[in-house]
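For reference, the chains in residue letters:
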Amino acid sequence: MATVAGMYAMQPLADPNLKPVLPADIYPMASLNIASKGVLTTTAGSAGAASSTSGLPRAWAALEQRQTAVLDKLAQLEKDIAKHLPADAGKAGAPAAAASGHEDLPPAKRPPPSSMAMQPAYPNDLTVSCASAPLASLIVASMAKDDVFVRSFWHSSMGTPTAAFVENVRRQPVRKTKTRISLLISKVEQPTLVVSPSQTAPIQGDSNIARLLCRLHRPELLGGNDIVLSTQVDQWIEAAEGLQGSAKDTKKVLKDANAQLGKEPFLCGKTMTLADICLVAYAQSQSGALPSNIKELVKKLESHLEAARAL
């Protein structure tokens, strides 16, 4: 049999009697055939002699040592995690998690936890940038005045603040409430609320900011748990936003809203909702005369309008 000078030296392929020979030290572990016969030793090579402690080849013993090291590391990590858990965690008598009512179902068929329960605590301080007062949002804030405090600030980009603005700010009392809104008068296209610097998507538009305040303090203005009513409220809010569009859109919104108010005292039935607030707020920017039924709605909300302007 031919000898091999290098590790992978091979005879020319043209040789019909080619019989390549591989050196034994390329594969230091014993073959499975040998192991199955109970032979737990290998020929000494680059891998060295067999382990004297376990009867296994040295490569097998090294693998066993690595596995033991991994298990030791996992045990240490478990101890480190246990240091940060409550003292009674995992013990008998420890407080159990609240029952969801679906424990009898397989895990794959259990419904997900309530989305509201997964919501983080909402920040108390909100900053709204606006070129003019977001009237719908301020009406909602005035209706939740025990929970909402509004204070105005003047951005330097707007030049020198007016005397009326300075006097109004001076008279604003500071109160402790659940939510504090800072109105920053600045050059922006539409009212914009940035919830936190880490969230790059702001909440834009007076009606959307008003929705947020309703969800925080006056959910009944959005229809509460009535999914049909809440959908109608959303529909009429979207329609009211048309008063900020073209003359054609404005004319259609006023016509449709006036017809609806001829059937019901409010846009969505017997109770005032955010849809009525948005319609009245956006109608304040109309230069022409308002239809009769919308005028009546404005009168119903006059006290809220005055309270919002005071803010």
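Thresholds applied
- Residues numbered from 1 in each chain as written.
- Predicted model: local features only at pLDDT ≥ 70, side-chain atom pairs only at ≥ 80, totals over all residues.
- Heavy atoms only, no water.
- Helix = DSSP H or I, 4+ residues; strand = E, 2+ residues; numbered from the N terminus.
- Buried < 20%, exposed > 50% of the residue type's maximum accessible area, 1.4 Å probe, protein only.
- Contact = heavy atoms within 4.5 Å.
- Areas by Shrake-Rupley, 256 points an atom, 1.4 Å probe, with all protein chains shown as cover.
- 1 Å grid on protein atoms, 1.4 Å probe; cavity = no way out; pocket = protein on both sides within 12 Å on 5 of 7 lines; lining within 4 Å.
- Points joined across faces, edges and corners; volume = space filled by probe spheres on them.
- Nonpolar A, V, L, I, M, F, W, Y, C, P; charged D, E, K, R; others polar.
- Axes fitted to C-alpha atoms, helices over the stretch in contact; angles between N-to-C directions.
- Parallel < 35°, antiparallel > 145°, perpendicular 65-115°, else oblique.
- Left-handed = near helix turned anticlockwise from the far one by under 90°.
- pLDDT = per-residue confidence, 0-100.
- Core = buried A, V, L, I, M, F, W, Y, C linked by side-chain atoms within 4.5 Å.
- Phe/Tyr/Trp six-rings, centres within 6.5 Å; stacked < 30°, edge-to-face > 60°.
- Lys NZ or Arg CZ within 6 Å of the ring centre and 35° of its normal.
- Salt bridge = Lys/Arg side-chain N within 4 Å of Asp/Glu carboxyl O.
- Patch = residues over 30% accessible without salt bridge, like charges linked within 9 Å, V, L, I, M, F, W, Y side chains within 5 Å.
- Pairing = 2+ DSSP bridges.

Participant: Explanation requested: the overall build of the protein in the structure shown.
Facilitator: Looking only at helices and strands, the protein has 10 helices and five strands in total. Going through the 311 residues of the protein one by one, you find that 29% of them count as buried. A fraction of 63% describes how many contacts in the protein between residues 6 or more apart in sequence connect residues 24 or more apart. Element-wise, carbon and sulfur atoms account for 58% of the exposed surface of the protein, whose accessible area totals about 20800 Å².

Participant: Explain the layout of surface pockets here, please?
Facilitator: Over the atoms, a rolling probe the size of a water molecule traces out where space has been left empty. In this structure, the second largest pocket encloses a volume near 400 Å³. Around the second largest pocket sit 22 residues that line it, and Ser132, Pro191, Asp206, Gln244 and Tyr282 are the ones nearest its centre. Here the element with the most residues in the lining of the second largest pocket is helix H5 (residues 206–217); it accounts for three residues. Taken together, the residues of the lining of the second largest pocket sort by class into 10 nonpolar, nine polar and three charged.

Participant: Honestly, empty space enclosed by the protein in this entry has me stumped. Any pointers?
Facilitator: All told, the structure shown has one cavity of 30 Å³ or more when counted by the stated rule. In this structure, the largest cavity spans a volume of roughly 40 Å³. Around the largest cavity, the lining residues are Val128, Pro134, Ser137, Leu138, Ala141, Ile181, Leu183, Ile209 and Leu213. Mapped onto the lining of the largest cavity, the elements with two or more residues apiece are helix H3 (135–143), strand S3 (179–185) and H5. Broken down by element, the lining of the largest cavity gets its largest block of residues, three residues, from H3.

Participant: Just checking my understanding: could you explain the packing of H3 against H5 for this structure?
Facilitator: Between two packed helices, what matters for the description is the angle formed by their axes and the separation of those axes. Taken N-terminus to C-terminus, the directions of H3 and H5 make an angle of 20°; their axes are 7 Å apart at the nearest point. As summarised for this structure, H3 and H5 are arranged roughly parallel, according to the angle between their axes. For the element pair H3 and H5, the recorded crossing hand is right-handed. Listed contacts from H5 to Leu135, Ala136, Ser137 and Val140 of H3 are Asp206, Ile209, Ala210, Leu213 and Cys214. Partitioned by chemical class, the residues of the contact of H3 with H5 number seven nonpolar, one polar and one charged.

Participant: Honestly, the confidence of the model for the protein in this entry has me stumped. Any pointers?
Facilitator: Low pLDDT marks regions whose predicted coordinates should not be analysed in detail. Confidence in the prediction of the protein, expressed as mean pLDDT, is 76, and 67% of residues score 70 or more. Predicted confidence in the protein is weakest over helix H1 (residues 32–36), with a mean pLDDT of 45, and strongest over helix H6 (residues 227–240), with 95. Confidence drops under a pLDDT of 50 for residues 31–54, and excluding neighbours within four residues, the segment shows 25 contacts in the predicted structure. Confidence drops under a pLDDT of 50 for residues 114–121, and excluding neighbours within four residues, the segment shows one contact in the predicted structure.

Participant: Help me out: how do you make sense of the nonpolar core in this one?
Facilitator: A general feature of soluble globular proteins is that nonpolar side chains tend to end up buried together. One finds Leu267, Leu274, Ile277 and Leu279 to be the most contacted residues of the largest nonpolar core, which totals 55 residues. For this core, the element with the highest residue contribution is helix H8 (residues 274–283), accounting for nine residues.

Participant: Please clarify how the packing of aromatic side chains should be interpreted in this entry.
Facilitator: Each pair of aromatic rings is reported with the distance of its centres and the angle of its planes. Enumeration over the complete set of coordinates arrives at zero aromatic pairs. Positioned above the aromatic ring of Phe266 is the side chain of Lys300, whose terminal nitrogen or guanidinium carbon lies 4.9 Å from the ring centre.

Participant: Which parts of the structure should I look at to understand the pattern of salt bridges?
Facilitator: Pairs can form between side chains of opposite charge whenever their charged atoms are close. A full pass over the atoms with the stated rule returns six salt bridges. In this structure, Asp256 and Lys252 form a salt bridge, with 2.7 Å as the shortest nitrogen-oxygen distance. In this pair, Asp256 and Lys252 are both assigned in helix H7 (residues 247–261), four residues apart and thus about one turn of the helix distant. Take Asp256: its relative accessible area is 31%, and that puts it in the partly exposed class. Under the relative-accessibility criterion, Lys252 is labelled exposed at 55%. Glu264 is the partner of Lys270 in a salt bridge, and the nearest nitrogen-oxygen pair spans 3.4 Å.

Participant: Would you take a moment to explain a nonpolar patch on the surface for this structure?
Facilitator: A cluster of nonpolar side chains, contributed by Val70, Leu71, Leu74 and Leu77, occupies part of the molecular surface with about 380 Å² of accessible area. Relative to the elements of secondary structure, Leu74 occurs in helix H2 (residues 58–82).

Participant: Help me out: how do you make sense of the sheet that holds strand S2 (residues 148–154) in this one?
Facilitator: Sheet strands pair by backbone hydrogen bonding; their relative direction is either parallel or antiparallel. The five strands are arranged S2-S3-S1-S4-S5 in an open sheet whose pairing can be described as mixed. Only two strands of the sheet have a single neighbouring strand rather than two, namely S2 and strand S5 (203–204). For S2 and S3, the ladder comprises seven bridges, and the chain directions are parallel. Each bridged residue has a counterpart across the sheet, and for Val148 the counterpart in S3 is Thr179.

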